[in-house]
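The residues making up each chain are set out below.
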Amino acid sequence: MKELIVATKNEGKVREFRQLFSEYGIAVKSLLDFDEPIEDIEETGTTFAENATIKAEAISEAYNTPVIADDSGLVVDALGGEPGVYSARYAGEEKNDQKNLEKVMKKLEGVPVNERTARFVCAIAVARPGFETFVKEGCCEGSIAVEPQGQHGFGYDPIFIPESSERTMAEHTSEEKNSISHRHHAILQLEEWLKNQS
Ligand SMILES: O=c1[nH]c(=O)c2ncn([C@@H]3O[C@H](COP(=O)(O)OP(=O)(O)OP(=O)(O)O)[C@@H](O)[C@H]3O)c2[nH]1
Ligand SMILES: [Mg+2]
């Protein structure tokens, strides 16, 4: 089976990429699978596309091999687009999904249901030695719940209700999430390229 490197240390993303890429006969190697520890890559971009490019190119250049990277996050309209590209570090530099989610809930206290619109965005960059990097984006529209619910998924999933549903993303099975998520929609745009890899 063909293997692709996904430049992430996020176990939730790794799980989803494994499931999503298995459809194309592609196995996933993440930064958690390397023998040596990989230093954190500084995400200095101001857009998801820029940060995905930074991560993919850093690992592609270091190992001289094709690499994919995902930069993603939650965009809340009532918060002027926050947490956006800062989704992973919203409540502080030390990553903490629970604290991040609580910060969003606190800031939205008293905001009525019809003003809680939001979307998950995912940019996937493909970096290859000798080629120009390209990026595809996917998005999942929805809203922020009044209470966290559900145990599946990761990150902000317990507070995000996709517009196609009345349940939070964390109340969806991984198969259900992978058929509607921002990551799924970004990968769909990579379909032709992925089919040529396997
Ligand atoms: O509920 C969620 N469901 C998702 O499907 C999802 N995808 C991303 N996120 C959140 O957005 C930030 C990404 O930041 P991010 O792209 O920098 O990733 P990361 O720092 O966790 O790992 P890495 O890939 O950079 O190594 C993190 O806070 C994630 O929790 C999600 N939350
Ligand atoms: Mg990150």
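None of the values given here were measured: they were computed from a predicted structure.

**Notes on the site of ligand 1**
- Thr8, Lys95, Phe154, Tyr156 and Asp157 are the nearest of the 22 residues found near ligand 1.
- Here an oxygen atom of ligand 1 sits 2.5 Å away from a polar atom, N or O, in the main chain of Asp157.
- If ligand 1 stood free it would expose 630 Å²; the protein chains cover 96% of that surface.
- Where the shell around ligand 1 is concerned, the elements lending two or more residues are strand 3 (67–76) and helix 5 (182–189).
- With 4 residues, the top contributor of residues to the shell around ligand 1 is strand 3.
- A class-by-class count of the residues in the shell around ligand 1 yields 4 nonpolar, 7 polar and 11 charged.

**Examining the packing of aromatic side chains**
- As enumerated under the stated definition, the model contains 4 aromatic pairs in all.
- The interplanar angle of 65° and the centroid separation of 5.0 Å between the aromatic rings of Phe34 and Tyr63 together place this pair among those described as edge-to-face. Of this pair, Phe34 sits in the loop between strand 2 (26–30) and helix 2 (48–63) while Tyr63 is found in helix 2, placing the two residues 29 residues apart along the sequence.
- Assessed through its relative accessible area of 10%, Phe34 is described here as buried.

**Here we look at the UniProt feature "binding site: Mg(2+)" (unreviewed entry) in the protein chain**
- The feature "binding site: Mg(2+)" (unreviewed entry), as annotated in UniProt, sits at Glu42 and Asp71 in this numbering. Spatially, the listed residues are clustered: although they cover 30 residues, their C-alpha atoms lie within 12.2 Å of one another.
- The residue Glu42 is located in the loop between strand 2 and helix 2 in this model.
- Overall, Glu42 belongs to the exposed group, its relative accessible area being 64%.
- For Asp71, the position within the fold is in strand 3.
- Look at Asp71 and you get buried, because its relative accessible area is 3%.
- Once residues within four sequence positions are removed from consideration, Asp71 is found in contact with Lys13, Glu43, Phe48, Asn51, Ala52, Lys55, Val85, Val121, Cys122 and Ala123.
- For Asp71, the side chain forms a polar contact with the side chain of Lys55, separated by 2.8 Å.

Reading the values: the criteria
Residues numbered from 1 in each chain as written. Chains lettered and ligands numbered in written order. Predicted model: local features only at pLDDT ≥ 70, side-chain atom pairs only at ≥ 80, totals over all residues. Heavy atoms only, no water. Near = heavy atom within 4 Å. Polar contact = N/O pair within 3.5 Å; in protein donor to acceptor, adjacent residues only side chain to side chain. Areas by Shrake-Rupley, 256 points an atom, 1.4 Å probe, with all protein chains shown as cover. Helix = DSSP H or I, 4+ residues; strand = E, 2+ residues; numbered from the N terminus. Nonpolar A, V, L, I, M, F, W, Y, C, P; charged D, E, K, R; others polar. Phe/Tyr/Trp six-rings, centres within 6.5 Å; stacked < 30°, edge-to-face > 60°. Buried < 20%, exposed > 50% of the residue type's maximum accessible area, 1.4 Å probe, protein only. UniProt positions renumbered as here; feature names shortened; annotations may be inferred. Contact = heavy atoms within 4.5 Å.

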